[in-house]
Amino acid sequence: MGIRDSKELNDFQIMQIASEIKKKSEVISDTVLVSPEKYNQLYEKMGNLNRLMGWAHARVIENLLNKCDAGEVISDKFGNEKIILDALQTKGRAVNLKQITKAEKFTAVAAASILARESVINWFRIQSRKYKIEIPKGSSLEVEVIAKQLFQKYGANTLTKLVKLHFKTSIKVFNKEGKDNDQKS
């Protein structure tokens, strides 16, 4: 099916492969989508990106363990191993959690990253339709331009639902727009 590290795939490939993965009856999956709005709330509460990622990984692990039994779970290692372990609940603490750098070499981990990325792509498509403007991913001049347009058209409250507030691009947009608004008043 072409399953490999999702970072090596474009959006079209992600959507195709995710569709194929979902057709397999033996595949049990779960995705926890953390929208920018939810991300901002969690980041404010946790104050650390790795802890937030650990929480999301732990939620998926717990959700999967409610669907099936497993003695071992493999996760990509993105920080201190205690981060995910501390976020796990009862079922998750009963399994052997292996955190491995570049765990996408395991088909199941690569497939999970593809399904996760598919949910992000779908979120962007839905928001782009809702706001009638193509909302780009990442960090670039194009992202700044679109964010400024959204800020000017819909205001700060809407933009905080669409961007991760502590990222440099967001800080640039809010600072620039805030200064422009101050000068107008």
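The rules behind each value
Residues numbered from 1 in each chain as written. Predicted model: local features only at pLDDT ≥ 70, side-chain atom pairs only at ≥ 80, totals over all residues. Heavy atoms only, no water. Helix = DSSP H or I, 4+ residues; strand = E, 2+ residues; numbered from the N terminus. Buried < 20%, exposed > 50% of the residue type's maximum accessible area, 1.4 Å probe, protein only. Areas by Shrake-Rupley, 256 points an atom, 1.4 Å probe, with all protein chains shown as cover. Lys, Arg positive; Asp, Glu negative; His and termini not counted. Charge placed at Lys NZ, Arg CZ, Asp CG, Glu CD. Pairing = 2+ DSSP bridges.

Q: Can you break down the overall build of the protein chain residue by residue, with the values?
A: Helix and strand content of the protein chain: nine helices and two strands. Sequence-ordered secondary structure for the protein chain, helices as α and strands as β, is α-α-α-β-α-α-β-α-α-α-α. Expressed along its principal axes, the backbone C-alpha trace of the protein chain runs to roughly 60 × 35 × 25 Å. Taken across its 185 residues, the protein chain has 37% of its residues classed as buried. Accessible surface, the protein chain: about 11,400 Å² in total, of which carbon and sulfur atoms supply 51%. Within the protein chain, one finds 32 positive and 22 negative side-chain charges whose respective centroids are separated by 3 Å.

Q: Can you tell me about the pairing of strand E1 (residues 72–76), naming the residues and giving the values?
A: Residues Val-73 and Ser-75 line the buried face of E1, whereas the alternating positions Glu-72, Ile-74 and Asp-76 sit on a face that is not buried. With five bridges joining them, E1 and strand E2 (residues 96–100) adopt parallel strand pairing. In the strand pairing of E2, Glu-72 is matched with Asn-96.

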